[in-house]
Amino acid sequence: QVQLVESGGGLVQPGGSLRLSCTASGSIFRINPMAWYRQAPGKEREFVAVIVSGGRPSYADSVKGRFTISRGNAKNTVYLQMNSLKPEDTAVYYCNVAANSGNYWGKGTLVTVSS
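All values derive from a computational prediction rather than experimental measurement.

Draft legend 1. Molecular detail of the packing of aromatic side chains. Evaluation of the coordinates by the stated rule reveals 2 aromatic pairs. Here the aromatic rings of Tyr37 and Phe47 are separated by 5.8 Å at their centres, their planes lie at 75°, and the arrangement is edge-to-face. You can see Tyr37 sitting in strand β4 (residues 31-39) and its partner Phe47 sitting in strand β5 (residues 46-51), a full 10 residues away along the chain. When the centroid spacing of 5.0 Å and the interplanar angle of 65° are considered together, the rings of Tyr37 and Trp105 count as edge-to-face. Taken as a pair, Tyr37 in strand β4 and Trp105 in strand β10 (residues 102-105) lie far apart in primary sequence, 68 residues in all. Under the relative-accessibility criterion, Tyr37 is labelled partly exposed at 23%. Ring-pair connections join several aromatic residues into one group, and the members of that group are Tyr37, Phe47 and Trp105.

Here it is, written out as structure tokens:
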């Protein structure tokens, strides 16, 4: 079984920055790709960004140029650097990974962008 723990959410003013982290633990022999999704109040969960080993990261149009996804040196950690945050970025952010032969979700971390 694989467990995912996200951290780094919080309250930030418009134009501010946050860095989300997600660490996978458990008996892992393969983990790829790693991605972030988000779900705003009253809306469906949507794709934010994905990183594949050896490939170029991919982003939703709504966050291109503002968000950066990266993996840690330990490879079981994925980050989401969020800059120039907007009120419409307010959501619960979820980490999603394909690990071993399964697909796993974290419990989410809340990001609130408000003045």
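Draft legend 2. Inspection of the side chain of Asn100 at higher detail. The topology assignment puts Asn100 in the loop between β9 (91-99) and β10. Reaching out from Asn100, the side chain makes a polar contact with the backbone oxygen of Ser27 at a distance of 2.8 Å. In this structure, Asn100 is in contact with Val2, Ser27, Ile28, Phe29 and Arg30, ignoring residues within four places of it in sequence.

Definitions and cut-offs
- Think of each chain on its own: its residues are numbered from 1, step by step along the sequence as written.
- Selection of residues for local features in this predicted model requires a pLDDT of at least 70, selection of side-chain atom pairs for listing and counting requires 80 or more, and totals for whole chains, interfaces and linings are taken over all residues.
- Calculation of side-chain values draws on the structure's entire complement of heavy atoms; hydrogens and water are dropped beforehand.
- Stacked, tilted and edge-to-face pairs are distinguished by plane angle, under 30 degrees for stacked and over 60 for edge-to-face with tilted covering the rest, among Phe, Tyr and Trp rings (Trp via its six-membered ring) whose centres lie within 6.5 Å.
- What counts as a helix is a DSSP run of H or I of at least four residues, what counts as a strand is a run of E of at least two, and both are numbered from the N terminus.
- With a 1.4 Å probe rolled over the protein chains alone, any residue whose accessible area is under 20% of its type maximum counts as buried; one over 50% counts as exposed, and the rest are partly exposed.
- Any pair of N or O atoms that falls within 3.5 Å is considered a polar contact. Within protein, one atom must be able to donate a hydrogen and the other to accept it, and sequence-neighbouring residues count only if both atoms are side-chain atoms.
- Two residues qualify as a contact provided that any one of their heavy atoms is within 4.5 Å of a heavy atom in the partner residue.

Honestly, that's just the spatial picture; any functional story needs more than this.
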